[in-house]
Amino acid sequence: MQQFANGTGLEVTVCHFPPGTSKWNKIEHRLFSYISMNWRGRPLVNYETVVELIGSTHTRNGLKVESLLDENKYQTKIKVSAKEMAKVNLHRHSFH
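Here we summarise the structure given alongside this text.

Calculation criteria
- Residues numbered from 1 in each chain as written.
- Predicted model: local features only at pLDDT ≥ 70, side-chain atom pairs only at ≥ 80, totals over all residues.
- Heavy atoms only, no water.
- Helix = DSSP H or I, 4+ residues; strand = E, 2+ residues; numbered from the N terminus.
- Buried < 20%, exposed > 50% of the residue type's maximum accessible area, 1.4 Å probe, protein only.
- Contact = heavy atoms within 4.5 Å.
- Axes fitted to C-alpha atoms, helices over the stretch in contact; angles between N-to-C directions.
- Parallel < 35°, antiparallel > 145°, perpendicular 65-115°, else oblique.
- Left-handed = near helix turned anticlockwise from the far one by under 90°.
- Patch = residues over 30% accessible without salt bridge, like charges linked within 9 Å, V, L, I, M, F, W, Y side chains within 5 Å.
- Areas by Shrake-Rupley, 256 points an atom, 1.4 Å probe, with all protein chains shown as cover.
- Salt bridge = Lys/Arg side-chain N within 4 Å of Asp/Glu carboxyl O.

If you tally the helices and strands in the protein chain, you get four helices and zero strands. For the protein chain, the N- to C-terminal ordering of α and β elements is α-α-α-α. In the protein chain, which comprises 96 residues, the proportion classed as buried is 12%. Counting contacts in the protein chain only where the partners sit at least 6 residues apart, residues at least 24 apart contribute 25% of the total.

So, in structure tokens, the structure goes:
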């Protein structure tokens with residue numbers, strides 16, 4: 001992200017909601033009850049079952065969910081050095 005900002009000369013603002021705040025995402029919030037109704041207590045035995053049940057969800061007003069299983073492997077426990085962090089131009093918003 002920093003490389004993009006540097007390369008384009010743009011100022012980039014990144015915001016994120018704390019964990020457990022997906023209720024603030026209006027689309028997602030509207031779909032939770034429909035996803036729950038679609039599951040109807042079926043055991044979630046594997047990822048494919050979860051993706052299939054979520055993907056077959058739709059609302060009465062025609063809102064449809066598309067889902068797919070991301071089977072890529074991602075590196076975990078990546079350490080960012082103090083030197084690398086020093087290269088990132090971070091500033092907090094005044095209201096934080």
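Before going further, it helps to spend a moment on the packing of helix α2 (residues 26-39) against helix α3 (residues 47-55). When two helices pack together, their arrangement is given by the angle between the helix axes and the distance between those axes. Two elements in contact, α2 and α3, have axes whose closest approach is 9 Å; the angle formed by their N-to-C orientations is 120°. As far as their axial angle goes, α3 and α2 are oblique. When the axes of α2 and α3 are compared, the crossing they make is right-handed. Along its contact with α2, which presents I35, N38 and W39, the element α3 presents V50, L53 and I54.

Position of T59 relative to the elements: it lies in the loop between α3 and α4 (82-86). T59 sits in the buried class, given a relative accessible area of 8%. With residues near it in sequence (within four places) discarded, T59 still touches L31 and Y34.

Before going further, it helps to examine the side chain of N38. By the secondary structure assignment, N38 is in helix α2. We classify N38 as buried; its relative accessible area is 15%. Among all residues touching N38, those that are not within four sequence positions of it are L53, S56 and T57.

On to a nonpolar patch on the surface. Judged by side-chain polarity, M1, F4, L10, V12 and V14 come together as a nonpolar surface patch covering roughly 510 Å² of accessible area. In this structure, V12 sits in the loop between α1 (2-8) and α2.

Glancing now at unusual backbone geometry. Trans peptide bonds make up most of the peptide bonds, and negative phi angles are found at most residues other than glycine. In this structure, R40 is a non-glycine residue whose phi angle is positive, near 40°. With respect to the helices and strands, the residue R40 is situated in the loop between α2 and α3. Not every positive phi belongs to a glycine, and K77 is a case in point at roughly 55°. Mapped onto the elements, K77 comes out in the loop between α3 and α4. For K77, a relative accessible area of 77% translates into the label exposed.

Another point: the environment of R92. On the secondary structure map, R92 appears in the segment after α4. Each C-alpha atom of the pair R92 and T13 lies 9.8 Å from the other, and the pair is 79 residues apart in sequence.

Purely geometric stuff here, so don't read any function into it on its own.
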